[in-house]
Amino acid sequence: MHLEKKVQHNSFLKAQGVTLRFVEETDADLIVRIRTDNKLGQHISSTSNEIEDQVKWIKEYKKREKAGTEYYFIFEDSEQNDWGTVRLYNFSGKKFTIGSWICLPNNKDNIAIKAWLLCVQYGFEILNFDSLLFDIRKKNTAVLLYANMYKPQKIDEDELNYYFELEKAAFYINREKVIHLLKIQM
């Protein structure tokens, strides 16, 4: 799957059964619901449980989106049901960070993984970055297992997190192996 080589405001990215669309103020309720859920939000930074606070955050984010310095996506299935979020930020030189990856339970067809893959490809193919940075809470063993399938380099750690860097070439080499191993339709 290749992506169109341009960034358009309010554009949509699609792959097999998943669409990424830019977050809007109307998504505040979903974001608060999943980020403040005790189980879903246990491995991410805390968020206010006030929808008005999230709307304010989104308004500020939309300025960064318009400036091309950050992209926050809602991912949805082919029936336009919203499932979760993923975000690209901290653009620095040829590196970018991925985070805010969270998904409702009982999703189908590996939609969270497809959204993550699509978002990383967006960073490499459309935004032309060469390296991906991300952090994972040490207790988030499922995501650690998934991320390690790409063979990222661990660059640091602290009490809560491991910090990784994944080069573009390593992502694409291991992407096909992961897709095959997890039987993902892309």
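Parameters and conventions
- Residues numbered from 1 in each chain as written.
- Predicted model: local features only at pLDDT ≥ 70, side-chain atom pairs only at ≥ 80, totals over all residues.
- Heavy atoms only, no water.
- Helix = DSSP H or I, 4+ residues; strand = E, 2+ residues; numbered from the N terminus.
- Buried < 20%, exposed > 50% of the residue type's maximum accessible area, 1.4 Å probe, protein only.
- Areas by Shrake-Rupley, 256 points an atom, 1.4 Å probe, with all protein chains shown as cover.
- Phe/Tyr/Trp six-rings, centres within 6.5 Å; stacked < 30°, edge-to-face > 60°.
- Lys NZ or Arg CZ within 6 Å of the ring centre and 35° of its normal.
- Contact = heavy atoms within 4.5 Å.
- Pairing = 2+ DSSP bridges.
- 1 Å grid on protein atoms, 1.4 Å probe; cavity = no way out; pocket = protein on both sides within 12 Å on 5 of 7 lines; lining within 4 Å.
- Points joined across faces, edges and corners; volume = space filled by probe spheres on them.
- Nonpolar A, V, L, I, M, F, W, Y, C, P; charged D, E, K, R; others polar.
- Axes fitted to C-alpha atoms, helices over the stretch in contact; angles between N-to-C directions.
- Left-handed = near helix turned anticlockwise from the far one by under 90°.
- Polar contact = N/O pair within 3.5 Å; in protein donor to acceptor, adjacent residues only side chain to side chain.

Caption draft 1: Representation of the overall build of the protein chain. The secondary structure content of the protein chain amounts to five helices and eight strands. From first element to last, N terminus to C terminus, the protein chain shows the α and β order β-β-α-α-β-β-β-α-β-α-β-β-α. Within the protein chain, the fraction of its 186 residues that count as buried is 46%. When the accessible surface of the protein chain is split by element, carbon and sulfur atoms take 48% of a total near 10,000 Å².

Caption draft 2: Inspection of the packing of aromatic side chains at higher detail. By the definition in use, this model includes 23 aromatic pairs. Ring centres 5.2 Å apart and planes at 25 degrees place the aromatic pair Phe134 and Phe164 in the stacked group. Taken together, the residues Phe134 in strand β6 (residues 131–137) and Phe164 in strand β8 (residues 161–167) connect sequence positions 30 residues apart. Taken individually, Phe134 and Phe164 each receive the classification buried, so the pair is uniform in this respect. Lying across the ring of Trp57, Arg64 places its NZ or CZ 5.1 Å from the centre. The ring of Tyr72 carries the charged tip of Arg87 above its face, separated from the ring centre by 5.9 Å.

Caption draft 3: How the structure looks around the environment of Phe124. As for its position among the elements, Phe124 is in helix α3 (residues 111–126). Relative accessible area serves as the criterion here: at 0%, Phe124 is assigned to the buried category. C-alpha separation for the pair Phe124 and Glu167, spaced 43 residues apart in sequence, amounts to 9.6 Å. Aside from chain neighbours lying at most four places away, what touches Phe124 is Phe96, Phe129, Asp130, Ser131, Leu132, Leu166, Glu167, Lys168, Phe171 and Tyr172.

Caption draft 4: Structural context of the pairing of strand β5 (residues 95–103). Of all nine residues in β5, seven are buried, a share of seventy percent or more. Taken together, the six bridges between strand β4 (residues 82–92) and β5 define a ladder with antiparallel strand orientation. Note that in β5 the partner of Leu88 across the bridge is Ile98. What sits between β4 and β5 in their antiparallel hairpin is a turn of two residues, with Gly93 showing a positive phi close to 60 degrees. Relative to β6, β5 is paired through three bridges, and the arrangement is parallel. Looking across to β6, one finds that Thr97 is bridged to Leu133.

Caption draft 5: Representation of the layout of surface pockets. In this model, the largest pocket occupies a volume close to 1,200 Å³. Ile44, Ser100, Trp101, Ile102 and Asn140 are the residues nearest the centre of the largest pocket, which is lined by 43 residues in total. Of all the secondary structure elements, the ones that give two or more residues to the lining of the largest pocket are α1 (28–35), α2 (51–67), β4, β5, α3, β6 and α4 (141–148). Of the residues contributing to the lining of the largest pocket, the split by class is 24 nonpolar, 13 polar and six charged.

Caption draft 6: Looking closely at α1. Of all eight residues in α1, six are buried, a share of seventy percent or more. Buried residues of α1: Ala28, Leu30, Ile31, Val32, Ile34 and Arg35, and no others. Where α1 is buried, its residues contact α2, β3 (71–77), β4 and β5.

Caption draft 7: Structural view of the packing of α1 against α2. It is at 9 Å that the axes of α1 and α2 come closest, and there the two elements cross at 115 degrees. At the point where α1 passes α2, the crossing takes the right-handed sense. Contacts from Ala28, Asp29, Ile31 and Val32 in α1 reach Ile51, Gln54, Val55 and Ile58 in α2. Grouping the amino acids of the contact of α1 with α2 by side-chain chemistry returns six nonpolar, one polar and one charged.

Caption draft 8: View of the side chain of Ser131. Mapped onto the fold, Ser131 is located in strand β6. Separated by 2.5 Å, the side chains of Ser131 and Glu165 make a polar contact. Setting aside residues up to four positions removed in sequence, Ser131 forms contacts with Lys94, Lys95, Phe96, Phe124, Glu165, Leu166 and Glu167.

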